[in-house]
Amino acid sequence: MIKAILIFNNHGKPRLSKFYQPYSEDTQQQIIRETFHLVSKRDENVCNFLEGGLLIGGSDNKLIYRHYATLYFVFCVDSSESELGILDLIQVFVETLDKCFENVCELDLIFHVDKVHNILAEMVMGGMVLETNMNEIVTQIDAQNKLEKSEAGLAGAPARAVSAVKSMNLPEIPRNINIGDISIKVPNLPSFK
C-alpha cells in the first residue's frame, strides 16, 4: 500500500504532498523534511529504493523515488509493494503530467495544484493503484477539463445577464414583461446606469 506521495524540489520545498495514512500536520512536515534529507544526500548512481525514515514507519516501509531535473518524486510504500512497479508508476505519473502540461515544470505543479491532484487521484486512491494506462488517465482528465469549462459557463451566466441588462438602451424600465402565457410585473427599481 502507498502511504504517501511527495514531490519536492532540490531545496526541499514541497510541491505536492498526499498522505494516505492519518498524520498530524506537524508529523507530515517532519516526514517531508526527513524524506528530503534521506533522498537528497544520495548519489545519482545508486538505486532508487531505500528504507523509510523513522517517522514514516522505518524498516517496514520503503522510499521509492526518481529525480527529474529540479524535482524529486517520492512514493512511501509498505513492504507489499513492488519497487519496480512503483518506479513504473512514477514514470507514468511524470509522463502524464508532461502530456497534460506540455513539458511539465515546477511552476506547473505550483500554479495547477488542483489539476495535479486530479491526475494523481485518477492513478492512486486510498493508497491503492487504480490506473496505470497513461492514455486512459489523460482521457479522464480531458473529460474533467471539459466539464469544468462547461460549469464555468454556467457559473458566469448571472453576471453576463446583469451585464447584458445594463448595456441595453431602454428608454424606460419595462413595468410588465409578457412571455407567452406568463405575465411578470416588474417592481419600481432604481436606474441601471
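Refer to the structure printed above.
The written sequence of each chain sets the order in which its residues are numbered from 1. In keeping with the predicted nature of the model, local features appear solely for residues at pLDDT of at least 70, side-chain atom pairs appear and are counted solely at 80 or more, and the whole-chain, interface and lining totals rest on all residues. Side-chain figures throughout are based on the complete set of non-hydrogen atoms in the structure, without hydrogens or water.

Undergrad: Just to check I follow, could you spell out the overall build of the chain for this structure?
TA: Runs of H or I in DSSP of at least four residues are treated as helices and runs of E of at least two as strands, each being numbered from the N terminus. Counting its regular elements, the chain contains six helices and nine strands. Looking at the 193 residues of the chain, the share that counts as buried comes to 34%. Put simply, 47% of the contacts in the chain that link residues at least 6 apart link residues at least 24 apart. A 1.4 Å probe and the Shrake-Rupley method give the accessible areas. Residues count as covered only by the protein chains that appear here. Carbon and sulfur atoms make up 54% of the accessible area of the chain, which amounts to about 11700 Å² in all. Burial classes follow relative accessibility: with a 1.4 Å probe on protein chains only, a residue under 20% of its type's maximum area counts as buried, one over 50% as exposed, and anything between as partly exposed. By definition, residues are in contact when any of their heavy atoms lie within 4.5 Å.

Undergrad: Any chance you could explain the sheet that holds strand 2 (residues 14–19) here in plain terms?
TA: Hydrogen bonds between backbone groups are what pair the strands of a sheet, and the pairing can be parallel or antiparallel. Each pair of strands is called paired provided DSSP finds at least two bridges between the two strands. Pairing is antiparallel in the open sheet, where five strands are placed in the order 2-1-5-4-3. Each end of this open sheet is capped by a strand with a single partner; those strands are strand 2 and strand 3 (49–51). Averaged over neighbouring strand pairs, the angle between their axes works out to 20° when direction is ignored. When strand 3 meets strand 4 (residues 61–68), the two strands line up antiparallel, connected through three bridges. Fitted lines through C-alpha atoms give the axes, limited to the stretch in contact for helices. The angle between two N-to-C directions lies from 0 to 180 degrees.

Undergrad: Even after reading the chapter, I still don't get helix 4 (residues 113–123), so can you show me in this structure?
TA: Residue pairs spaced three or four apart in an α-helix point in one direction, given the helix's 3.6 residues per turn. Within the sequence span of helix 4, burial applies to Lys 115, Val 116, Ile 119, Leu 120 and Met 123. Down the axis, helix 4 shows its buried residues gathered within 140° of arc, on one side only. The arc in question is traced by the directions running from the helix axis to the C-beta atoms.

Undergrad: How should I be thinking about the packing of aromatic side chains in this particular structure?
TA: Within 6.5 Å between ring centres, the rings of Phe, Tyr and Trp (the latter by its six-membered ring) count as paired, and their orientation is classed by plane angle as stacked under 30 degrees, edge-to-face over 60, tilted in between. Under the criterion given, the structure shown has six aromatic pairs. Seen from their ring centres, Phe 36 and Tyr 72 are 6.4 Å apart, and the 85° between their planes marks the pair as edge-to-face. In this pair, Phe 36 sits in helix 1 (residues 25–40) while Tyr 72 sits in strand 5 (residues 71–78), placing the two residues 36 residues apart along the sequence. We note that Phe 36, like Tyr 72, is buried.

Undergrad: Is there a simple way to think about the pattern of salt bridges in this case?
TA: Pairs can form between side chains of opposite charge once their charged atoms are near each other. Throughout this description, the term salt bridge denotes a Lys or Arg side-chain nitrogen within 4 Å of a carboxyl oxygen of Asp or Glu. Counted by the stated rule, this structure contains two salt bridges. Among the ionic pairs, Glu 106 bridges to Arg 15, the shortest N-O distance being 2.7 Å. Here Glu 106, found in helix 3 (residues 106–111), pairs with Arg 15, found in strand 2; they are 91 residues apart in sequence, far enough to count as distant. In this structure Arg 15 comes out as partly exposed when scored by relative accessible area, which is 23%.

Undergrad: For this particular structure, what's the right way to read the nonpolar core?
TA: As a rule of thumb, nonpolar side chains are buried together in soluble globular proteins. By convention a nonpolar core is built from buried Ala, Val, Leu, Ile, Met, Phe, Trp, Tyr and Cys residues, the set being connected through side-chain atoms within 4.5 Å. Ranked by internal contacts, the top residues of the largest apolar core, which has 29 residues, are Ile 2, Phe 93 and Ile 119. Breaking this core down by element, the ones donating at least two residues are strand 1 (2–9), strand 5, helix 2 (83–101), helix 4 and helix 5 (134–155). Ranked by residues supplied to this core, first place goes to helix 2 with 10 residues. Discounting residues that sit within four places of it in the chain, Ile 2 has contacts with Tyr 20, Phe 75, Cys 76, Val 77, Glu 81, Ile 86, Leu 89, Val 124, Gly 127 and Val 129. Counting 14 residues, the second largest nonpolar core, distinct from the first, contains Phe 19, Ile 32, Leu 50 and Leu 63.

Undergrad: For this particular structure, what's the right way to read the side chain of Thr 96?
TA: Following the sequence through the fold, Thr 96 ends up in helix 2. By the criterion applied in these results, polar contacts are pairs of N or O atoms within 3.5 Å in which, for protein atoms, one can donate a hydrogen and the other can accept it, and in which residues neighboring in sequence qualify only through two side-chain atoms. In terms of polar contacts, Thr 96 uses its side chain to reach the backbone carbonyl oxygen of Val 92, at 2.7 Å. Among residues more than four places away in sequence, those in contact with Thr 96 are Ile 119, Met 134, Ile 137 and Val 138.

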